[in-house]
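Coordinates in review
Each chain is listed here by its residues.
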Amino acid sequence: MSSVVAQSHYIFGVRSDVANNLCFLDDQTVVYPAGNHCVCYNIDLKWQRFIPGKEKSSSMCAIAISANRRYLAVAERADGGTVTVYDLREDPSRKRKVLGGGDVLVRQFVCLAFSTDSKYVIGQSGDPDWTLFYWMWEKQRVMATVKTGGVTNPIYQVSFNPENHTEICVSGKGVFKLLHYFEGSLKQSSSPKLESHNFLAHGWMSKTRVIAATDTGSLMVFDSGDLRREFSVKAGFPKQDAERWGAYMYLIGVHLGSSGCLNTRRVFLPYSSVSRKQKNSTDCDACITSIVAYSRGFACSAGKGTVCLFEKTEEKDYIKTREILIPEDHSISEFSQAKQQEILTLCISPSEETLAASTDAGQLYSISLSSAEMCKEEQVHFQFLSHFFHSDAVTGLSICNRKPLVATCSVDCSVRIWNYESNTLELCKGFQEEPYSVALHPLGLFILTGFADKLCFMNLLTDDIRTFKEFSVRGCRECAFSHGGHMFAAVSGHIILIYSSVTFENTLSLQGHNGKVRSIIWSEDDSILVSCGTDGAVYEWSTLSGKRLSESVLKSCSYSCVTMCPDAKTIFAAGSDCSIKEIQDCQILREIPTEDVLYTTIAMSHSGRVLFAGTSAGTIRTIKYPLPVKNAWTEYLGHAAPITKMVITSNDQMLLTISEDGCLLIWKLIDKEGWGLKRDKEIHYAEETLITKLDLEEKNQAMLELKTRVHELQIENEYHLRLKDMNYKEKTKELAEKFVQQIELLETKNQVLRSEKDKQELAHKEAMAELTARHSRELQDAESTNNQKLVREYEKYQELLLKSQRMEEDYEQKLQSLEKSKAQELEEQTRCYEGQLQEGLLMLEQHRNDAGQKVLELEECNKQMEEDGEREIQDLRLKYERKLKDEKDTNLQLMGEIGVMRKKLISVQQEIDRRSQDINKMKQEEQKILGVIKSLEKEIQGLRKEIQERDETIQDKEKRIFDLKKKNQELEKFKFVLDYKIKDLKKQIEPRENEIKDMKEQIRQMEGELEQFQNQNTQLDLNIGDLKMKLKTSETETHRQIQKVRQLETLVDRFKTDLHNCVGHIQEPRKLKDSICKLYHRYVQQSDLVDIVAMDADIQKEYSRQREHMERTMASLQKKLAKESEVHHAENVKIMKENVSLIREINRLRCELRLVHAQLHEYKNQESLSKNLRRRSYSGIADGATGPGVGARPSLAAQQGAVIQLEHERGPQPQTRRTRPTNLPALST
């Protein structure tokens, strides 16, 4: 367990996928979901209080607040749909009740509502059942359930009647129902046929009146379940009544239903950048998604970015008085058109002073209704309730040291700068394309932003973020400044580029990853850069030389994040194998498995005592360092989606995390042991900002103009105040004179009224005396008449007593006879039902026997399925026993009803028929159960097969492990043998080098052959070009012949016309002869007469011969080209294969050479050691020698023997240096 506690401190963001995601707790506090929390946000003081979600909950679906603002209901989806009720006045994490669907399996609840007295809760479940649950939540009891919708008819909203908790309204697609709770069931009180309408929201205006809104912009007014009126929200303002209604003061008092805020369906509607004219032209742009009622009327959304206020008239009708628009943000719309947002939720404060709204872009807005009413314009604008949040997943995060600033980038094409001390938004900048990554300079004055096609170096100005330099780095998903700020690293695919922040030159290019680089981190002294990628490699680079210092490759894991200790000796990496790896000296020392989730990001504290990890479930884990032997961590709920990045401030006081849910969460870190994470000195943040000279001059000029304007306005105000004082003094004098005159008139009137009062008192006393006398007389007369009436009534009473006694005697006799007859009938009925009960018991015994046999079969099949089978059989037994008890109870009730009266015999027969139907149903259920048992048997057989297959795979793996162990032993033996082969390897090094030279010469020869093949290819290309030229000449010849044919055709046409003219002289022989002679001389030449026939035949033959020759040559050339290309391709493949084999052989030889060098080095060390021992032995001999030098030889031999014996005892020493893997590519093909 870690000694550091992480507390949620502040969160930026809202979850727009939660129904009714905005509520007022009081006039200054709102409640909304963010991450995996419900946030209580004070609008005035800007503080936040967190209500954490349920553990292991996948998402939050809906929230609702009670009418007394004390209880909050939150619908969550974990193993199933649950509703948790929190007491907001107590500790929210303890005082709570959990509501469920009971026996009904619920996936999620899509909307909730409290009753006005806050004692009851209704919840609408989603797919596939769409069941409405009615709870008494304090006792956790389901009062009633009813199915309200279906797959094609989803429900968007449910609510209580504000004055009657037994009446409920349900609206959805083609659904509008008013339900009434009575005696444990919900019954529909009215059913208007409105299947064609899609009701998105509704609101209670009074006890009987409900207004429902549709997706076409229509508002339907229902009174007691009947449709009274329908009107469109697109209607304009009434010109006559706009000023009159706009001048009214805002009233207090509200009938808001259950929670004061009514929400719509929980769906996203896409942005649209259409203009207001286009918006009004289509019905879908005016859909009403939310309605909230207040004392003067109601407010509703009217399309994208618009809210309309409607007020009641004296005729109980509604008119539109105001439009409230969402403002456009110019920092976002600078490069793109303004995007309209869809209103999801509207709510009004308890004092009806503030209207708040949430949108599908994850933004919160508010407006003061009194200021909106006072405004003369018909259209007013919302203001931000908190800040301008991200509207989509946040992908980039970075902090600086000199300022309390944090930068984020998101899929919504924006970059935002936040202040984590004041919890404010400093800057916001929108772009045309999505920024992939972001990095803040340690000074907090510059920022790096990576895009799809470039990397931008930007200046942080007082009110803008401006680009200073662009780099051609494509797809920069990761970038980071060094701790000194003089360098920055950017990732482009699998390459890491290091630039200088001063000269902007690319100083280093780090290449080595085979996959995309996912994370980079600088060491504290900026001398080391660590990277990890999808190829399973973690590399440590030197930023001075660009060399790789160490590496750790695990191809089975795709790393996503990397961090290191402050001393840069230990590296931590998290990846796709659900574990954190501790890497030191190129070796994985320890792994921490996650057990159930995936680690997406990790970070180490600057003190080096705590490791933080973010998970795919949105939680963070704190792990103590040095890492414990057992998996021990502390987990905290934070986000509702996978955490993408996390970073720790320089003083270890804050942890910042971002997630795909669009939220930025600030955690406060507290050390339980009291050591303090890193609190040596207080950090004083810099207050400098950048501003351009032009902006500074413009601001100074504007300040001067404003000062002169203020001075002028002061003079004007003083003059106007003097004039007003004079006017007011004159008016006060006039009013004082008028009041004096009115006082005198009132005094005279008062005297006249007093005299009249005295006269009326005297007349009243005389009238009272007369009335008292008259009343006493009438009283005496009434007493005498009443006494006489009493005597008469007493006599009548005595007579009626006698009659009643006689009637009682007669009825007693009749009752006795009826009781005898009913007792006989009751005995007959009991016999009949006892027989039926015995038959039912026999059937149940048979079912039990069958179930027992099936259980025995299941036990014999597989022991692992025993528990499941027993549970199912117990469920069946309980089910049948419950049904048997129910039947006994119904039989007893029937017996009692038979003893009451004879008329219920018909109903008893109907009940018997119904029971027979139940028995048939039970038989059908029995058949279904048999089918289920058969399917379970099939599943058991399938599981058996799977178990056998897995056993076989386990045996194969065990065999493989055994073989690997054997190989390991053999390798150890081989290593021991290699120690004695150092001399042989020295001799073998030279021939190996000669072989390498021969290989290189062979490679050169192969390259020469490649060049020859390339020359052949060029020669073939030239031949193809010649053939193409010949083709072109043949085409020109054909074109010339075609022209010649056309000329001949024109000649023939001319001849035909001349011949036609000659035919006209057929009656005149002389003219005919002359014309024919002219034709002959014009068209026939003597030289052509002989050659015409021969020329035509020869030309035709020559043309066909040349054509066949060209076709044959083309076909032969194509075949030759195909064969030569195949041969060329085969030779290329062969050369490539030989090249690859040679490269592998060279790599292998290099590895062996490296191994030999290492062994040589070790051998030299041993030799130097033995020399030292020899010198020591010689010195000992020289000191203690008494005889001649011949006696020293046996002692030297003894020393050498001792050295050899010592080396044998030590055995082979492990290699201190780590050899690189043998498969590294040494030569590129």
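Shown above is the structure to which this text applies.
The rules behind the values
- Residues numbered from 1 in each chain as written.
- Predicted model: local features only at pLDDT ≥ 70, side-chain atom pairs only at ≥ 80, totals over all residues.
- Heavy atoms only, no water.
- Pairing = 2+ DSSP bridges.
- Helix = DSSP H or I, 4+ residues; strand = E, 2+ residues; numbered from the N terminus.
- Axes fitted to C-alpha atoms, helices over the stretch in contact; angles between N-to-C directions.
- Core = buried A, V, L, I, M, F, W, Y, C linked by side-chain atoms within 4.5 Å.
- Buried < 20%, exposed > 50% of the residue type's maximum accessible area, 1.4 Å probe, protein only.
- Contact = heavy atoms within 4.5 Å.
- Salt bridge = Lys/Arg side-chain N within 4 Å of Asp/Glu carboxyl O.
- Lys, Arg positive; Asp, Glu negative; His and termini not counted.
- Patch = residues over 30% accessible without salt bridge, like charges linked within 9 Å, V, L, I, M, F, W, Y side chains within 5 Å.
- Areas by Shrake-Rupley, 256 points an atom, 1.4 Å probe, with all protein chains shown as cover.
- Charge placed at Lys NZ, Arg CZ, Asp CG, Glu CD.
- Phe/Tyr/Trp six-rings, centres within 6.5 Å; stacked < 30°, edge-to-face > 60°.
- Lys NZ or Arg CZ within 6 Å of the ring centre and 35° of its normal.

It is worth spelling out the sheet that holds strand E38 (residues 455-460) at this point. Ordered in space as E36-E37-E38-E39, the four strands form an open sheet in which the pairing is antiparallel. Each edge of the open sheet is held by one strand with a lone partner, namely strand E36 (437-440) and strand E39 (465-471). Taken over all neighbouring pairs, the strand axes of this sheet differ in orientation by 25° on average, direction set aside. In this sheet, strand E37 (residues 446-450) lies alongside E36 in antiparallel orientation, the contact comprising four bridges.

The next subject is the nonpolar core. With 46 residues, the main nonpolar core has Tyr 32 and Leu 656 as its most contacted residues. At the level of secondary structure, the elements contributing two or more residues to this core comprise strand E1 (4-12), strand E3 (29-34), strand E4 (37-42), strand E32 (394-399), strand E53 (610-615), strand E56 (643-648), strand E57 (654-659) and strand E58 (664-671). What Leu 656 contacts, discounting residues up to four positions off in sequence, is Leu 397, Ile 399, Val 406, Tyr 420, Lys 645, Met 646, Val 647, Thr 649, Leu 664, Leu 665 and Ile 666. With 21 residues, the next largest nonpolar core counts Met 136, Val 158, Phe 160 and Leu 179 among its residues.

What follows concerns the sheet that holds strand E13 (residues 141-147). Taken in spatial order, the four strands line up as E10-E11-E12-E13 in an open sheet, and their pairing is antiparallel. With one partner strand each, in any of the chains shown, strand E10 (109-114) and E13 form the two edges of the open sheet. On average, each strand axis in the sheet is tilted by 20° relative to the strand beside it, whichever way the strands run. Here strand E12 (residues 131-136) runs beside E13; their pairing, made up of six bridges, is antiparallel. Within the sheet, the bridge partner assigned to Tyr 134 lies in E13 and is Ala 144.

Attention now moves to the pattern of salt bridges. As enumerated under the stated definition, the model contains 26 salt bridges in all. The salt bridge partner of Arg 621 is Glu 635, with a shortest N-O separation of 3.5 Å. Taken together, the positions of Arg 621 in strand E54 (residues 619-624) and Glu 635 in strand E55 (residues 634-637) put the pair 14 residues apart, joining distant regions of the chain. On the basis of relative accessibility, which here comes to 40%, the residue Glu 635 falls in the partly exposed class. A salt bridge links Arg 915 to Asp 918; the nearest nitrogen and oxygen atoms lie 3.4 Å apart. You can see Arg 915 and its partner Asp 918 sitting in helix H6 (residues 905-978), three residues apart, about one turn around the helix. Counted as one network, the salt bridges with shared partners bring together Lys 429, Asp 464, Arg 466 and Asp 695.

In this structure, Glu 167 sits in strand E15 (residues 164-172). Put simply, Glu 167 is tucked away with no salt bridge, and the nearest opposite charge, on Lys 207, sits 7.4 Å away. With residues near it in sequence (within four places) discarded, Glu 167 still touches Ser 159, Phe 160, Asn 161, Leu 178, Leu 179, Trp 204 and Lys 207.

This next bit is on the side chain of His 202. Looking at the element boundaries, His 202 is found in strand E18 (residues 199-204). Residue His 202 is classed as buried on the basis of its relative accessible area of 0%.

On to the pairing of strand E19 (residues 209-214). Within E19, six of the six residues are buried, which leaves the element mostly enclosed by the surrounding structure. Of the two faces of E19, the one lined by Arg 209, Ile 211 and Ala 213 and the one lined by Val 210, Ala 212 and Thr 214 are each fully buried. Two strands pair when backbone bridges link them, and E18 and E19 are joined in this way by five bridges, in the antiparallel orientation. Directly across from Gly 203, in E19, lies its bridge partner Ile 211.

Here we come to a negative patch on the surface. Residues Glu 946, Glu 949, Asp 951, Glu 952 and Asp 956 make up a contiguous surface patch of negative charge. Looking at where Asp 956 falls in the secondary structure, it is placed in helix H6.

Looking now at the packing of aromatic side chains. Within a pair of aromatic rings, the relevant descriptors are the distance that separates the centres and the angle that separates the planes. By the definition in use, this model includes 30 aromatic pairs. For the ring pair Tyr 10 and Phe 12, a centre distance of 5.1 Å and an interplane angle of 50° mean the geometry is tilted. Across this residue pair, the class does not change: Tyr 10 and Phe 12 are buried. Ring geometry for Phe 468 and Phe 504: centres 5.9 Å apart, planes at 50°, overall tilted. Taken together, the residues Phe 468 in strand E39 and Phe 504 in the loop between strand E42 (495-500) and strand E43 (506-511) connect sequence positions 36 residues apart. Residue classification places Phe 504 among the buried positions, given a relative accessible area of 18%. Connected via pairs of aromatic rings, a cluster forms that spans Phe 446, Phe 457, Phe 468, Phe 471, Phe 481, Phe 488, Tyr 499 and Phe 504. Between Arg 416 and the ring centre of Phe 388, over which it is positioned, the NZ or CZ distance is 4.5 Å. Directly above the aromatic system of Tyr 539 lies the positively charged group of Arg 548, at a separation of 4.2 Å from the ring centroid.

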